[in-house]
Amino acid sequence: MSYTLDAVIGIEQVVQFAGRTREHACVVKLSYGVALIPLTDRLLAELEQRFGFAPDAAFKGIPGSVPAVARWIREASRSEFLAFISADFFGGEGSQWAVGMEGGEVVLGPLESPDAINLILRRLGVRAASGCDEFDTVGLGRHRQTARWAGDEA
């Protein structure tokens, strides 16, 4: 069974603020006051139209990321921490990537490790529940595909 997730994640108020001017941004509340915006095809197209395709070194080599996402997070993280997270698993094998930004600059990452998303969640103040990691504690296993987080079937 596969699992894919590409999203922007942060403290709920920060994520709400980041998504306020994006027509296709769907803010999804998680536990611990954390929320995410899944990077659906519609949102990616909107971001590319707004921010273009100029490369951003902060996200170099990170699958699932596009230059427009990096530029959006740079803009939205001017006063608070915000992160891009990506996971891709199939049959128990896979990878995680993450980049955390604050003040428009990279402050954590880029990370590629089996614990990349947990490191971002720890930075957001999430503490793992007994018998779980941070990923499971906030409920990131709720959906197995990025589009499902936004209620899209595509």
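Residues numbered from 1 in each chain as written. Predicted model: local features only at pLDDT ≥ 70, side-chain atom pairs only at ≥ 80, totals over all residues. Heavy atoms only, no water.

A.B. asks: Explain the overall build of the chain here, please?
C.D. replies: Secondary structure assignment for the chain yields six helices and six strands. Each helix and strand of the chain, placed in order from N terminus to C terminus, yields the pattern β-α-β-β-α-α-β-β-β-α-α-α. Over its C-alpha trace the chain gives a radius of gyration of 14 Å, about what one expects of a compact globule, namely 15 Å for 154 residues. Dimensions along the principal axes, computed over C-alpha positions, put the chain at roughly 40 × 35 × 25 Å. In the chain, 50% of the contacts between residues at least 6 apart in sequence involve partners at least 24 apart. (Helix = DSSP H or I, 4+ residues; strand = E, 2+ residues; numbered from the N terminus. Rg over C-alpha atoms; globule rule 2.2 N^0.38 Å. Contact = heavy atoms within 4.5 Å.)

A.B. asks: Can you help me understand the nonpolar core in this one?
C.D. replies: Note on soluble globular proteins: their nonpolar side chains tend to be buried together. Counting residues in hydrophobic clusters, the biggest one holds 24 residues, and the most contacted among them are Leu39, Leu47, Phe59, Val69, Trp72, Ile73 and Leu82. Mapped onto this core, the elements with two or more residues apiece are helix H1 (12-19), strand E3 (34-38), helix H2 (41-51), helix H3 (67-76), strand E4 (82-90) and strand E5 (93-102). Broken down by element, the residue count for this core peaks at six residues, all from H3. Sequence-distant contacts of Trp72, that is, excluding residues within four places in its chain, are made with Val8, Ala18, Gly19, Arg22, Ile37, Leu39, Leu43, Leu47 and Phe51. Judged by nonpolar contacts, the second largest core, of 23 residues, contains Leu5, Ile9, Ala116 and Ile120. (Core = buried A, V, L, I, M, F, W, Y, C linked by side-chain atoms within 4.5 Å. Buried < 20%, exposed > 50% of the residue type's maximum accessible area, 1.4 Å probe, protein only.)

A.B. asks: Looking at this model, I keep getting lost on the pattern of salt bridges. Mind explaining?
C.D. replies: When the charged atoms of two side chains with opposite charge come close together, those side chains can pair. Throughout the structure, instances matching the rule amount to seven salt bridges. Note that Glu46 and Arg22 form a salt bridge whose closest N and O atoms lie 3.5 Å from each other. Residue Glu46 is located in helix H2, and its partner Arg22 is located in the loop between H1 and strand E2 (28-29); the two are separated by 24 residues in the primary sequence. A relative accessible area of 11% places Arg22 in the buried class. Of the charged contacts, one joins Glu105 and Arg74 as a salt bridge, the two residues approaching to 3.9 Å between their closest N and O atoms. Of this pair, Glu105 sits in strand E6 (residues 105-112) while Arg74 sits in helix H3; the two residues are 31 residues apart in sequence, bridging distant segments of the chain. We classify Glu105 as partly exposed; its relative accessible area is 49%. Residue class for Arg74 comes out partly exposed when judged on its relative accessible area of 22%. (Salt bridge = Lys/Arg side-chain N within 4 Å of Asp/Glu carboxyl O.)

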